[in-house]
Amino acid sequence: MPDSDRLYYSDPFLKTFTATIHDARKVPGPEPTSVWQLALDRSAFYPTSGGQPFDIGLLKTTSTAGANIEIPVEQVEEDESGTVWHFVQQPLSKGTQVEGQIDWSRRFDHMQQHTGQHLLSAVFVRELQAPTVSFHLGEQASTIDLATSMIAHHSLERVERIANEIIAEDRSVTISYASRAEAEAMLAAGELRKLPDREGTIRVIDIADLDRNACGGTHLRATGQIGGLLIRRLEKVSRGVRIEFVCGLRAVRSARTDAAILTDTAGLLSTGAPELPGLIKQMLADSKTAAKERQKLREELATYQASELVKEAPPENGLRLIVRGWKDRDRDFVKLLASRAAAAAPSTVAFFSATDSDPACIFLARSTDLKFNCGQILKEALATLGLRGGGSPDLAQGEVPAKDEPTLRAAVTDAVHRAMAGIE
Ligand SMILES: [Zn+2]
């Protein structure tokens, strides 16, 4: 399609237009959702390019029987030869006269984000000498990647404030055309921010007294139509810094969402939004102190409980073998208990299980005066059940399905007795 028939080039505010179906092709795909692609002799539908997504809308026509037909345009893409294809679910034959209608709220939103991007990129160059290397207009937010090292928070706020001042000044945004040679001369003179590798006539977008940039996208008539610009996030990426931003109603929506989150969070904590950072900082510090205190108490409890267990289990033939299971203790505590029990008295072996979940977690610990290898014993006992586990000579652990726990318990205690008796 020649540039002159891309109606959005000369009039980005054109919402409806008439055209003729120039070509139609069926795209092979899974039935029954076959897609048809239609080429028109002229179109105001914008195909995905330059970071700006495609338009959607309707193609309207009348059937031979006189019925009104409305076909949704779901996607618009340009192929390598420059043909713009309109994706629809229903074919129209060549020569059909249609009226095209752009989904204006979507397009206007894209124009706000896209013109906002020109403005933001220009301010980043002017204020921070940070050139834009890429732009992406997303469903929720847009991003630009800047070729620069990290940007300080106060610089970001300054750029945002200046961009919004230029929006309030309602500076005109105009379209002009230049030959490739003229555009290259402007670029060399520093009068053009960016020039794509494109032959033929170059479309130049000017923001009065601020920016001149070669671009084939759709833009507003003046900066005031951007409405407002909000920088949302800054993130380090491989080739520089990524800035996420929103313009117009998107900026209002995201500010509204943020305000609701802040209000809800402040409500949960019975405070005001400005007090949140200080209060959360205090809560984190308190929770860290509480976690330390809790760990100290767990260790004290384990030591106490271990000494009680040892007292309740007198040694038999020089060995104190304590076998116990807990349903209401977490595995970390049971592990701690096993090692504390083994340390509480000589010649002590603890075979403890945490049965709060299935599979159960089991631990085998021994006093340092005993010489057999807990890791080895547990590993071999688990292996007879087709399970894996092990550990060090004085503390080992594994997992066993609850139904096999008694079998494992018998095998381990037997192995411990055999090891004590010196039977290999
Ligand atoms: Zn543009």
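For the structure itself, consult the block above.
So, here's what we can say about the structure. (Residues numbered from 1 in each chain as written. Predicted model: local features only at pLDDT ≥ 70, side-chain atom pairs only at ≥ 80, totals over all residues. Heavy atoms only, no water.)

**Observations concerning the overall build of the protein chain**
The helix and strand tally for the protein chain stands at nine helices and 19 strands. Compactness check: the protein chain gives a C-alpha radius of gyration of 36 Å against a globular reference of 22 Å for 424 residues, more than 25% above the reference. Taking the principal axes of its C-alpha atoms as reference, the protein chain extends roughly 100 × 55 × 45 Å. Taken across its 424 residues, the protein chain has 41% of its residues classed as buried. Per element, the accessible surface of the protein chain, about 22,200 Å² overall, is 53% carbon and sulfur. Side chains of the protein chain give 49 positive and 57 negative charges; the mean places of these two sets differ by 4 Å. (Helix = DSSP H or I, 4+ residues; strand = E, 2+ residues; numbered from the N terminus. Rg over C-alpha atoms; globule rule 2.2 N^0.38 Å. Buried < 20%, exposed > 50% of the residue type's maximum accessible area, 1.4 Å probe, protein only. Areas by Shrake-Rupley, 256 points an atom, 1.4 Å probe, with all protein chains shown as cover. Lys, Arg positive; Asp, Glu negative; His and termini not counted. Charge placed at Lys NZ, Arg CZ, Asp CG, Glu CD.)

**Some words on the coordination of the zinc ion**
For the zinc ion, every protein donor is listed as H114 (NE2), H118 (NE2), C215 (SG) and H219 (NE2), and the spread of their distances is 2.0 to 2.2 Å. Here the zinc ion binds four donor atoms, and the angle range of 96 to 123° at the metal identifies the geometry as tetrahedral. Coordination of the zinc ion draws on donor residues from a single chain, spaced H-x3-H-x96-C-x3-H in sequence. An identical accessibility class is assigned to C215 and H219; each is buried. (Donors = N, O, S within 2.8 Å, 3.2 Å for Na, K, Ca; no water. Tetrahedral: all angles 85-135°; square planar, octahedral: opposite > 155°, others 65-115°.)

**What about the packing of helix α8 (residues 374–383) against helix α9 (residues 405–420)?**
Relative orientation of the contacting elements α8 and α9 amounts to 140°, with a least axis distance of 9 Å. Judged by the angle between their axes, α8 and α9 are oblique. As α8 packs across α9, the resulting crossing turns out to be right-handed. Residues I377, L378, A381 and L382 of α8 form the contact with α9, whose own contacting residues are L408, A411, V412, A415, V416 and A419. Classifying every residue of the contact of α8 with α9 by side-chain character gives 10 nonpolar, no polar and no charged. (Axes fitted to C-alpha atoms, helices over the stretch in contact; angles between N-to-C directions. Parallel < 35°, antiparallel > 145°, perpendicular 65-115°, else oblique. Left-handed = near helix turned anticlockwise from the far one by under 90°. Contact = heavy atoms within 4.5 Å. Nonpolar A, V, L, I, M, F, W, Y, C, P; charged D, E, K, R; others polar.)

**Details of the environment of E275**
Structurally, E275 can be placed in the loop between α5 (248–268) and α6 (276–312). Separated by 29 residues in the primary sequence, E275 and Y304 have C-alpha atoms spaced 43 Å apart.

**Things to note about the nonpolar core**
The biggest cluster of nonpolar side chains holds 33 residues, and the ones touching the most others in it are L119, L120, F124, I144 and I243. Considering each element in turn, this core owes the most residues, seven residues, to helix α2 (residues 104–128). Core analysis: the second largest hydrophobic core is formed by 21 residues, L309, F333, V334 and A342 among them. (Core = buried A, V, L, I, M, F, W, Y, C linked by side-chain atoms within 4.5 Å.)

In short, geometric facts, not functional conclusions.
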